[in-house]
Amino acid sequence: MMTLKVNGQDHQIDADPDTPLLYVLREDLKLNAAKFGCGLGQCGACTVIVDGKAVLSCVTPLLLLEGKKVTTLEGLGTVETPAPIQRAFIEEQAAQCGYCISGMVMRAQALLQRNSKPTDAEIRAELQLNLCRCGTHMRILRAVHRASHLMQTADASPVQRSTP
Amino acid sequence: MASPRIIGGIVAVAVIAGAIAAFAVVWRPVLAAIDPPQPSSFDSALVRRGRDLAAIGNCNNCHTVRGGKDFAGGLPVPTPFGTIYSSNITPDAETGIGRWSEAAFRRAMQSGVDRDGQHLYPTFPYDHFTHVSDDDDRALYAYLMTRQPVHASARENDLAFPFNQRIAVAGWKLLFLRHGTYQSDSTKSAEWNRGAYLVEGLAHCGACHTPRNALGAEKTQASFAGGDVDNWHAYAINSQSSAPVPWDTDALFRYLRQGWHPDHGVARGPMAEVVSNLSEVPESDIRAIATYMASVFGAPSEQRKRRGEEVLAQASSGPAQPANGGTTTGAQIYAAACATCHATDRAPPFGGINLALSTALTSPDARNAANIVLSGIRPTQGERSPIMPGFADSMTDGQIAAVLDYLRARFGNQPPWTNTADIVRDIRRTQTVLLQRDQP
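The numbering scheme is per chain: residues are counted from 1 as the chain's sequence reads. Chain A is the first chain written and ligand 1 is the first ligand written, with later ones labelled in order. For this predicted model, a pLDDT threshold of at least 70 governs which residues receive local features, and a threshold of 80 or more governs which side-chain atom pairs are given and counted, while totals over whole chains, interfaces and linings are taken from all residues. Only heavy atoms go into the side-chain values, all of them from the structure, while hydrogens and water stay out.

### A closer look at the overall build of chain A
Here is step 1: The helix and strand tally for chain A stands at five helices and five strands.
Here is step 2: Listing the helices and strands of chain A from first to last along the sequence gives β-β-α-β-β-β-α-α-α-α.
Here is step 3: Dimensions along the principal axes, computed over C-alpha positions, put chain A at roughly 45 × 30 × 30 Å.
Here is step 4: Only protein chains enter the accessibility calculation, which uses a 1.4 Å probe. A residue is then buried if its area is under 20% of the maximum for its type, exposed if over 50%, and partly exposed in between. Each of the 164 residues in chain A was classed as buried or not, and the buried ones make up 49%.
Here is step 5: Taking the 17 positively charged and 16 negatively charged side chains of chain A as two groups, their mean positions are separated by 8 Å. Numbered from the N terminus, helices here are DSSP runs of H or I no shorter than four residues, and strands are runs of E no shorter than two. Counted as positive: Lys and Arg. Counted as negative: Asp and Glu, with His and the chain ends omitted from the count. Think of each charge as sitting on NZ of Lys, CZ of Arg, CG of Asp or CD of Glu.

And the structure:
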């Protein structure tokens, strides 16, 4: 039994210490934003934030998380009040199939937390580890820039979307 | 009894002779500046050959900042004497070598002197390049003079006295620079000789793989016994190699050509750029390098051979499952974070190598293993290579040290490393620099 802090809440987890965080998030806590892509730390779909850093939850066992704070996409915002990074991804329509997007958002969020105004090159270098097979890379890049702008103007008002 | 006048005369003659000798050692003439030659004035076949030679010489590794303009210089090279910044070797007239004649370029390669007659620091490995033939220097010159000129001034070196005095370099050369192009050995095959010419000359393998003395020169009596570069250990590539499976010509060829070998793993650290360059040069040259290097490694002892066969048999008999009852932190981390790739029956590059085959774990130096666990394995730009995630952001130094100590004990077949946590901490500090250099 161990205590795992996820999105500000303590959870009592009954699992082997070598269980990957991803399995605990999805199966025990029913937090399904982080996706199982490859299970090998190669695709980034399972990215979450641990103590401010983007971490691949599929290759991060529980025993490494003692006393640490885990943030998943669910911890950033809600459908009604999305976080600036989520809003930016929606406004740029940066998802195609969407499978990689949770991981992209989390890694981008970790980047913006330590570097509020990243350059194009810095965003590319950071997101290099996350794969998208639909090819929405240019939109993702724009979304991260937009999020950076939103965070600086503290403009987190609800999303304005025109009807398609 | 000699009169003071005669003694005075002898002293004066000695001083003058000494001054002339010192002058001869130190002074080098300025070579005339030329107008930058038109790229079209070079034969395209020569340029093409120069391109292959530049790749073998790994010129871009030091003369190009990651993500910067090709050959524009500016890469900081840390040395025990301070930091030296690589120079701009594009044909820019003001800041590059645009005004260098071929003779000036050849002089730099053969004796480490720039066009102005200044001594260059031996970070530029002219102790190897002096062995390059005039024909090959001509091809390299043709290649470099047909690159895109980039206006970029060299950064001032950051060296302490007396190393910031270029005169000191003249003394260094007197001690350590042995001039002369490669002399072939008639008792060996043409392929072996070609390999020796490349390895000892342009490819300058010993610059990293041979340990250096207090004055920064290669210890010639310890050729290829292993050295240091950028906080990585350049493995011993002679009879002292700690590779679990002894290297042979075919394995060396495949490794140098494709950047990894199923029985040895992936070339990383500063070697990643080397194999990336070698993937594009004529296959016959890689074959020659492999042939020569196999003879430098020498035939393995019976004991090493047997051990290699055992390790291979064990690796091919099945995945290295986490040991039963592994309850230490290191064993648990291996089971959860490493085994999904390193203990499967997927062969590299789709799975990780069986760690019993890893030289990083049998090496006396823990730094390479620490580097790889911290930053993972990333392909260099445009390269096809296996990928491994880094664990710098998910593990503490103590946790990484625990997993390294476990791996060393489980797979290394060698006495434990000491102070692993300190090594990890140190690598984490320098790795930040490496990651910054990786930014495009």
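### Topic: unusual backbone geometry
Here is step 1: Note that the residue after B:Phe161, namely B:Pro162, is joined by a cis bond; omega there is 5 degrees.
Here is step 2: Take B:Pro162: it is sitting in the loop between β3 (158–159) and α7 (166–176).
Here is step 3: The backbone of A:Asn7 shows a phi angle near 50 degrees, a positive value even though the residue is not glycine.
Here is step 4: Positionally, A:Asn7 belongs in the loop between β1 (2–6) and β2 (9–13).
Here is step 5: Classification of A:Asn7 by relative accessible area gives partly exposed; the value is 27%.
Here is step 6: Here the phi dihedral of B:His204 falls at roughly 40 degrees; this positive angle occurs in a residue that is not glycine.
Here is step 7: Looking at where B:His204 falls in the secondary structure, it is placed in the loop between α8 (190–200) and α9 (206–209).

### Observations concerning the side chain of A:Glu92
Residue and element names in this part refer to chain A.
Here is step 1: You can see Glu92 is positioned in the loop between α2 (84–91) and α3 (101–114).
Here is step 2: There is a polar contact of 2.9 Å between the side chain of Glu92 and the side chain of Arg146.
Here is step 3: We call two residues in contact whenever any of their non-hydrogen atoms come within 4.5 Å of each other. If sequence neighbours within four positions are ignored, Glu92 has contacts with Arg139, Arg142, Ala143 and Arg146. Under this definition, polar contacts are N or O atom pairs within 3.5 Å; protein pairs additionally need one hydrogen-donor-capable and one acceptor-capable atom, and for neighbouring residues in sequence, both atoms have to be side-chain atoms.

### Here's the deal with the interface of chain B and chain A
Accessible area lost upon the coming together of the parts is a frequently used measure of interface size.
Here is step 1: If you look at the interface, chain B gives 21 residues, while chain A gives 21 residues.
Here is step 2: Interface of chain B and chain A: buried area, both sides summed, is about 1800 Å²; carbon and sulfur atoms make up 62% of it.
Here is step 3: The term salt bridge refers to a side-chain nitrogen of Lys or Arg lying within 4 Å of a carboxyl oxygen of Asp or Glu. In this structure, the connection of chain B to chain A is made through zero salt bridges.
Here is step 4: Taken together, chain B and chain A are joined by two residue pairs in polar contact (both at pLDDT 80 or more).
Here is step 5: Here the side of chain B that touches chain A gets eight residues from one element, more than from any other, and that element is helix α14 (residues 329–342) of chain B. Note on terms: buried area is the combined drop in 1.4 Å-probe accessible area of two parts once they are placed together, counting the loss on both.

### What about the sheet that holds β1(A)?
Residue and element names in this part refer to chain A.
Here is step 1: At least two bridges found by DSSP between two strands are what make those strands a pair. Within the open sheet, the five strands sit side by side as β2-β1-β5-β3-β4. Their pairing is mixed. On the outer flanks of this sheet lie β2 and β4 (53–56), each paired with one strand and no other. Along the sheet, successive strands turn relative to each other by an average axial angle of 40 degrees, direction set aside.
Here is step 2: In the sheet, β1 pairs with β2 via five bridges, with the strands oriented antiparallel. Paired with Leu4 across the two strands is His11, which belongs to β2. Helix axes are fitted to C-alpha atoms over the stretch in contact, other axes to C-alpha atoms as well, and angles between N-to-C directions run from 0 to 180 degrees.

### Some thoughts on the sheet that holds β3(B)
Residue and element names in this part refer to chain B.
Here is step 1: Spatial strand order, β1-β2-β3: three strands in an open sheet with antiparallel pairing. Two strands in the sheet have a free side with no partner beyond their single neighbour: β1 (76–79) and β3.
Here is step 2: Where β1 lies against strand β2 (residues 82–85), four bridges are found, and the strand directions are antiparallel. Bridged to Pro78 within β2 is Thr83.

### Points about the environment of B:Cys341
Here is step 1: For B:Cys341, the location among the structural elements is in helix α14.
Here is step 2: When its relative accessible area of 14% is taken as the criterion, B:Cys341 is described as buried.
Here is step 3: Discounting residues that sit within four places of it in the chain, B:Cys341 has contacts with A:Leu40, B:Arg346, B:Gly351 and B:Gly352.

### A look at the state of the cysteines
Here is step 1: For this text, the term disulfide refers to a pair of cysteine sulfurs within 2.5 Å. Across all of its chains, the model carries zero disulfides over all chains by this definition.
Here is step 2: Free cysteine: A:Cys132, not disulfide-bonded; nearest cysteine sulfur from A:Cys100 at 4.1 Å.
Here is step 3: Classification of A:Cys132 by relative accessible area gives buried; the value is 11%.
Here is step 4: For B:Cys59, which is in no disulfide, the shortest distance to another cysteine sulfur is to B:Cys62 and amounts to 9.3 Å.
Here is step 5: By relative accessible area, B:Cys59 is classed as buried at 15%.

### Some remarks on the confidence of the model for chain B
Residues and elements named next belong to chain B.
Here is step 1: Scored from 0 to 100, pLDDT reflects the predictor's confidence in each residue. Looking at chain B, the pLDDT average stands at 91 and 95% of residues meet or exceed 70.
Here is step 2: Confidence over residues 433–440 falls short of pLDDT 50; this stretch has 14 contacts with residues more than four positions distant or in other chains.
Here is step 3: Interface confidence in the predicted complex, given as ipTM, is 0.87; pTM for the same model is 0.89.

### Some thoughts on a nonpolar patch on the surface
Residues and elements named next belong to chain A.
Here is step 1: What goes into a patch is any residue over 30% in relative accessible area without a salt bridge, connected to like charges within 9 Å or, for nonpolar side chains (Val, Leu, Ile, Met, Phe, Trp, Tyr), within 5 Å. Methods summary: accessible areas were calculated by the Shrake-Rupley approach with a probe of 1.4 Å, and residue burial reflects only the protein chains presented. A grouping of Tyr23, Phe36 and Tyr99 is seen on the molecular surface, where their side chains present a nonpolar patch of about 280 Å² in accessible area.
Here is step 2: Examined against the element boundaries, Tyr23 turns out to sit in helix α1 (residues 21–28).
Here is step 3: Tyr23 sits in the partly exposed class, given a relative accessible area of 36%.

### Focus: a negative patch on the surface
Residues and elements named next belong to chain A.
Here is step 1: A grouping of Asp14, Asp16, Asp18, Glu27 and Asp28 is seen on the molecular surface, where their side chains present a negatively charged patch.
Here is step 2: Inspection of the secondary structure assignment puts Asp18 in the loop between β2 and α1.
Here is step 3: The class of Asp18 is partly exposed, set by a relative accessible area of 30%.

### Some details on the packing of aromatic side chains
The geometry of an aromatic ring pair comes down to the distance between the two centres and the angle between the two planes.
All names here are of chain B.
Here is step 1: The rule is short: rings of Phe, Tyr and Trp, with Trp giving its six-membered ring, pair when the centres are within 6.5 Å, and they are stacked under 30 degrees, edge-to-face over 60, tilted in between. Under the criterion given, the structure shown has 15 aromatic pairs over all chains.
Here is step 2: Between Phe105 and Tyr141, the ring centres sit 5.7 Å apart and the planes meet at 45 degrees, which makes this aromatic pair tilted. One end of the pair, Phe105, is in helix α4 (residues 102–111); the other, Tyr141, is in helix α6 (residues 134–145), with 36 residues separating them in the sequence. For the pair shown, Phe105 and Tyr141 are each scored as buried.
Here is step 3: Charge-over-ring contacts are defined here by two conditions on Lys NZ or Arg CZ: a distance within 6 Å of the ring centre and an angle within 35 degrees of the ring normal. Just above the ring of Trp192 sits the side chain of Lys188; from NZ or CZ to the centre is 4.7 Å.

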